[in-house]
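In case you want the letters, here they are:
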Amino acid sequence: MRPRTQRAIRTALTLAAAAVLCTPATTARAADGTFGPLPPPNPATAANGTATMHGDSASSDTTPYPGPGSGAVNWSRTALASACPTVVIGSDRRPVVLCTTIFGQTPTVHLLDPGTGADLASLALPKGSLFGGVYAYLDNTDALVLVDGGNNLLRIGHHPTTDGWKLTVDQTTPLGAAVPTGDNITGLSPGWNGRVWFATGGGTIGTVDTTTGAVRTLDTGEGVQNSISTVPGHTAVATDHALYLLTEAPDGTPTVEWRAPYDRGPGRKPGQLSWGTGATPSFFGPGTGTEYVTITDNAAPHENLLVYRVAGGPNPVCATPVLTQFPASGTEDAVIASGRSVFVTNTYGYPYPALPAGAPASVPASAGFDGGLSRVDLDADGNGCHPVWNSNVKSAALPRLSLGDGKIYTFTFTVSGPTGSAGAQTFASYSYATVDPATGAQLSSSWIGLGLLYNPLQMTGTTGPDGTLYQGTETGVVRVTRR
């Protein structure tokens, strides 16, 4: 799934308040050689796997690092009274976490101790007329790059002091009138030439040069509710109507290479937060890791996986229904994309504690949550695709594929308690789990906790170079290590 939008986390937090390094090689492949390579490392970010919410600027949702594994694990929870969708880790191996507080919905950055998960320092950011942000990335100096509520692009560094650590705003670049009044940034990713790409919820796509302050924009007139992805020479943005592949003019103005409309379905599906694709675009491929770009559409009753050749224009080389083991499917997640394989998570009917303000009624009005995953592989000639397996694993988080040990990592969801209702998540139970990417079989499950404190809200976990998994939840971060 894609991680929570700004408004979705705000409404979920309102409910919760009431209730309470080494740089990996670009050729890295899975331990069995099946998947990979990693996308090329972006020179503007930290290392692949820990640089962005989706691991890298290509949004592959893969990592080069082995995780805690399928054996016994230990876990601990860092209580931050916040939903924490983004965990990134730089060269000093200290996790930097972007959260939004339950009370006040204030965007806040935290620095964690890699050995214990303890909160070392925090910095609250201006909320202004907007509600914080969820998408950010760690740059090549270990500074967190994000946009605050005043539409300023910030670089936030963490620095040792005589009595601990301190987070500071080290650079501010105003975006000014590039963000229309009442609009907000929903996607952020660096290009290869030093400019930073952004997209707003109202459909403005832009670049900013933090050296000169120059901002250049393009208005699509279509909503954007997911993050954006960058690889050398290309940027991908999924609106609520189409997938855009863009480049830029010499002055930084975004230029459309091609636009591919998709089936957005009859309306917002239950288990989604907006009407349209729920997926951030993901670049992948068996050669350079950038030959293809993929999203899911919102077709009914089953969504389709759509794969495009980057150099081939707006006609998909693959368009196939996924998660067909259930009566209906849809997703609010990005996919995992690696080599010739794409993994799609089903969030249809996922019981979010609350929906964004102004979200349209779902079609149908309600549905149960079945969960499930599908794997689809490109054909050997790259001109088609075929399903490999369907799995019934009930993922409550956006899974991550480790090329270091060949396992998929996630948190799973079960319902217990006297009512059997998961609408408010009161009786939902969450477990750390591993999945075999070759078969879709669940390899292990370790119970973590019950209720709002452990709800991952379909956010993604990040594995550090030491094998520790950090999973953001509705109220903090869960840290999982091998026992």
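Remember, it's a predicted structure, so these values are computed and weren't measured experimentally. In this convention, every chain numbers its residues from 1, walking through the sequence in written order. Totals for whole chains, interfaces and linings use every residue, but because this is a predicted model, local features are given only for residues with pLDDT of at least 70 and side-chain atom pairs only at 80 or more, for both listing and counting. Side-chain metrics in this entry use all non-hydrogen atoms of the structure; hydrogen atoms and water are not considered.

**Observations regarding the overall build of the chain**
Heads up, the rule is: Strands here mean DSSP runs of E at least two residues long; helices mean DSSP runs of H or I at least four residues long; both are numbered from the N terminus. Relative accessibility thresholds used throughout: buried, under 20% of the residue-type maximum; exposed, over 50%; partly exposed, between the two (1.4 Å probe, protein chains only). For accessible areas, the Shrake-Rupley method is used with a probe of radius 1.4 Å. Any residue's cover is judged against the shown protein chains and nothing else.
Tallying secondary structure elements over the chain gives 1 helix and 33 strands in all. Scored against the burial criterion, the 483 residues of the chain give a buried share of 64%. Of the roughly 15,100 Å² of accessible surface on the chain, 53% is carried by carbon and sulfur atoms.

**Some points on the state of the cysteines**
Let me state the cut-off plainly: Criterion for a disulfide: a pair of cysteine sulfur atoms at a distance within 2.5 Å.
For the structure shown, the criterion picks out 2 disulfides. With a sulfur-sulfur separation of 2.2 Å, Cys-84 is cross-linked through a disulfide to Cys-99. Measuring the twist about the S-S bond at about 105°, one finds the Cys-84-Cys-99 disulfide to be right-handed. Of this pair, Cys-84 sits in strand β3 (residues 82–89) while Cys-99 is found in strand β4 (residues 95–101), placing the two residues 15 residues apart along the sequence. Judged by its relative accessible area of 0%, Cys-84 falls in the buried class.

**A word on the packing of aromatic side chains**
In this description, a pair of aromatic rings is defined by centroid distance and the angle of the planes. Inclusion rule: Aromatic rings from Phe, Tyr and Trp, taking only the six-membered ring of Trp, are treated as a pair when their centres fall within 6.5 Å; an angle between ring planes under 30 degrees marks them as stacked, one over 60 as edge-to-face, and anything in between as tilted. Cation placement over rings: the criterion is NZ of Lys or CZ of Arg within 6 Å of the ring centroid and within 35° of the ring normal.
In the structure shown here, the tally under the stated rule is 11 aromatic pairs. Between Phe-284 and Tyr-292, the ring centres sit 5.7 Å apart and the planes meet at 35°, which makes this aromatic pair tilted. The exposure class assigned to Phe-284 is buried, which follows from its relative accessible area of 1%. The class for Tyr-292 is buried, based on a relative accessible area of 4%. Relative to Tyr-352, the ring of Tyr-350 has its centre 5.0 Å away and its plane inclined at 65°; by these criteria the two rings are edge-to-face. Both residues of the pair, Tyr-350 and Tyr-352, belong to the buried class. Aromatic rings pair up to connect Tyr-350, Tyr-352, Phe-369, Phe-413 and Tyr-430 into one cluster. The ring of Trp-275 is capped by Arg-264, whose NZ or CZ atom sits 4.0 Å from the centre of that ring.

**Some remarks on the sheet that holds strand β31 (residues 461–463)**
Our working rule: DSSP-based pairing: two strands are paired if at least 2 bridges between them are found. In this description, a line fitted to the C-alpha atoms serves as the axis of each element, helices being fitted only across the stretch in contact, and the angle between N-to-C directions of two axes falls anywhere from 0 to 180 degrees.
Sheet architecture is open: 4 strands sit in the order β2-β33-β32-β31, paired in antiparallel fashion. Each of the sheet's edge strands pairs with one partner strand only, and the pair in question is β2 (73–79) and β31. On average, adjacent strands in this sheet sit at an angle of 20° to one another, irrespective of strand direction. Direction of pairing for β2 relative to strand β33 (residues 476–482): antiparallel, over a ladder of 7 bridges. Within β33, the position partnered with Thr-78 by the bridge is Val-477.

**What about the environment of Leu-457?**
Among the structural elements, Leu-457 can be located in the loop between β30 (442–450) and β31. Separated by 17 residues in the primary sequence, Leu-457 and Glu-474 place their C-alpha atoms 6.5 Å from one another.

**Here we look at the nonpolar core**
Basically, it comes down to this: Here the nonpolar core consists of buried residues drawn from Ala, Val, Leu, Ile, Met, Phe, Trp, Tyr and Cys, with membership extended through side-chain atoms lying within 4.5 Å.
The biggest cluster of nonpolar side chains holds 20 residues, and the ones touching the most others in it are Tyr-350, Phe-411, Phe-413, Tyr-430, Tyr-432 and Val-480. For this core, the secondary structure elements donating two or more residues are β28 (407–415), β29 (428–435) and β33.

**Quick word on the pairing of strand β9 (residues 152–161)**
Counting buried positions along β9 gives 7 out of 10 residues, so the element sits mostly inside the fold. Bridging between strand β8 (residues 144–147) and β9 involves 4 bridges; their strand directions are antiparallel. Residue pairing across strands places Leu-144 opposite Ile-156, the latter belonging to β9. With antiparallel pairing between neighbouring strands as the criterion, β8 and β9 make up a hairpin whose turn holds 4 residues, including Asn-151 at a positive phi of roughly 65°. Both β9 and strand β10 (residues 164–174) contribute to a ladder of 10 bridges, which runs antiparallel. In the strand pairing of β10, Ile-156 is matched with Val-169.

**A few points about the confidence of the model for the chain**
Using the following cut-off: Each residue carries a pLDDT score, the predictor's own confidence in it, on a scale running from 0 to 100. By definition in these notes, contact holds between two residues if any of their heavy atoms fall within 4.5 Å.
On average, residues of the chain score 90 in pLDDT, and 89% of them are at 70 or above. Segment residues 11–26: pLDDT under 50, and 45 contacts once partners within four positions in sequence are set aside and those in other chains are kept. Confidence drops under a pLDDT of 50 for residues 418–424, and excluding neighbours within four residues, the segment shows 12 contacts in the predicted structure.

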